[in-house]
Amino acid sequence: MSPPDLNLLHALDVLLEEGSVVGAARRMHLSPPAMSRTLSRIREALGDPVFVQAGRKLVPTPRALAMREQVRLVVEQATQVLTPGDGVDLKTLERRFNVRANDIFVGLHSGRLLEAMAAEMPRGMLRFAPEEDDIDDEALRSGRIDLFISASRQLGPEIRVQSLFTTRFVGIARRDHPLFDEDVTPGRITQWGHIGISRRGKFAGPIDSALEALGLRRHVALVVPTPFTALFALQNSDLLLALPSHLARSALDAGMPLRQFDLPVPLETVVLTQAWHPRFHADPAHQWLRRTIRAICETR
């Protein structure tokens, strides 16, 4: 049996990302007929159609979807092997980063990170991967994500972790909320419903534990996946919201008709960190990403 043509891996990677023969041909500087011939060779090698027609579009087969991340990882690892460590030209480097980041970072810093990438690594692409029901350090080990930005948590012993910044939780309510008619006490914040923020639908958090220690309990009336949805829902309701102070300040600076208050229960300061697998520690492009993120966070 002849060895597989590894050039097909790169072509498959581009096809899976672009989702069309024409788009992949443009990326690879080939004619559409030449790209179609390459797709035929990929189909023959895999014994799978890879893409099938659905109306006017091509859609990936289940096998193509299942191998997408594996193909991406293999191509990027091969690129690292064949790229001199000290001679990387970020201006011409094509690199995709899958970053799993919480909304504190995305909301505050994604714009500045994209600006830095456009200036220094213009052919790079940043993809904020959604949270899934998997284990974060396993996602780093497998290569499904390249970087994990979140509140500090326990990860595997080999995972590299770096602190970015700290924040604390504050309360937010509409500007003319009756809460502000008197002193804000633990008992009074339980008189109104609360908004919870969780991509996974969780409705309990540190504030519930702090209230429980005082013999109190709040009612979470609404759970939404992002803080931005919560802020818009807050404006025309009597609900209350606990939010990281950085995001609260951004909402007030944007002129939203809201008012901030100190939560009358003790909550720990939140430390935001970035974490990565050691395989990327010396990779120049990944180093640039980590260094840029830390610099942006330090100058917020």
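Source: prediction; values computed, not measured. (Residues numbered from 1 in each chain as written. Predicted model: local features only at pLDDT ≥ 70, side-chain atom pairs only at ≥ 80, totals over all residues. Heavy atoms only, no water.)

Draft legend 1. Representation of the sheet that holds strand β9 (residues 220–224). As summarised here, the arrangement of the 5 strands in space is β9-β8-β10-β7-β11, forming an open sheet in which the pairing is mixed. At either end of the open sheet lies a strand with only one pairing partner, and these are β9 and β11 (258–261). The average angle at which neighbouring strand axes cross in this sheet is 35°, direction not considered. Packing of helix α9 (residues 227–234) onto the sheet brings it into contact with β7 (169–174), β8 (194–197), β9, β10 (240–244) and β11, and relative to β10 it is tilted by some 145°. (Pairing = 2+ DSSP bridges. Helix = DSSP H or I, 4+ residues; strand = E, 2+ residues; numbered from the N terminus. Axes fitted to C-alpha atoms, helices over the stretch in contact; angles between N-to-C directions. Contact = heavy atoms within 4.5 Å.)

Draft legend 2. Spotlight on empty space enclosed by the protein. Tallied over the entire structure, the rule returns 1 cavity of 30 Å³ or more. Its volume calculated, the largest cavity comes out at about 40 Å³. Elements that contribute at least two residues to the lining of the largest cavity include exactly β5 (147–151) and β12 (270–276). By residue number, the principal contributor to the lining of the largest cavity is β5, which donates 3 residues. Residues belonging to the lining of the largest cavity are distributed by class as follows: 5 nonpolar, 3 polar and 1 charged. (1 Å grid on protein atoms, 1.4 Å probe; cavity = no way out; pocket = protein on both sides within 12 Å on 5 of 7 lines; lining within 4 Å. Points joined across faces, edges and corners; volume = space filled by probe spheres on them. Nonpolar A, V, L, I, M, F, W, Y, C, P; charged D, E, K, R; others polar.)

Draft legend 3. Quick peek at the side chain of Asp13. Here Asp13 lies in helix α1 (residues 7–18). Within the local environment of Asp13, its side chain forms a polar contact with the side chain of Arg96, the two groups lying 2.4 Å apart. Residues contacting Asp13, with those up to four places away along its chain left out, are Val71, Arg72, Val75 and Arg96. (Polar contact = N/O pair within 3.5 Å; in protein donor to acceptor, adjacent residues only side chain to side chain.)

All quantities given are derived from atomic positions and should not be read as evidence of function.
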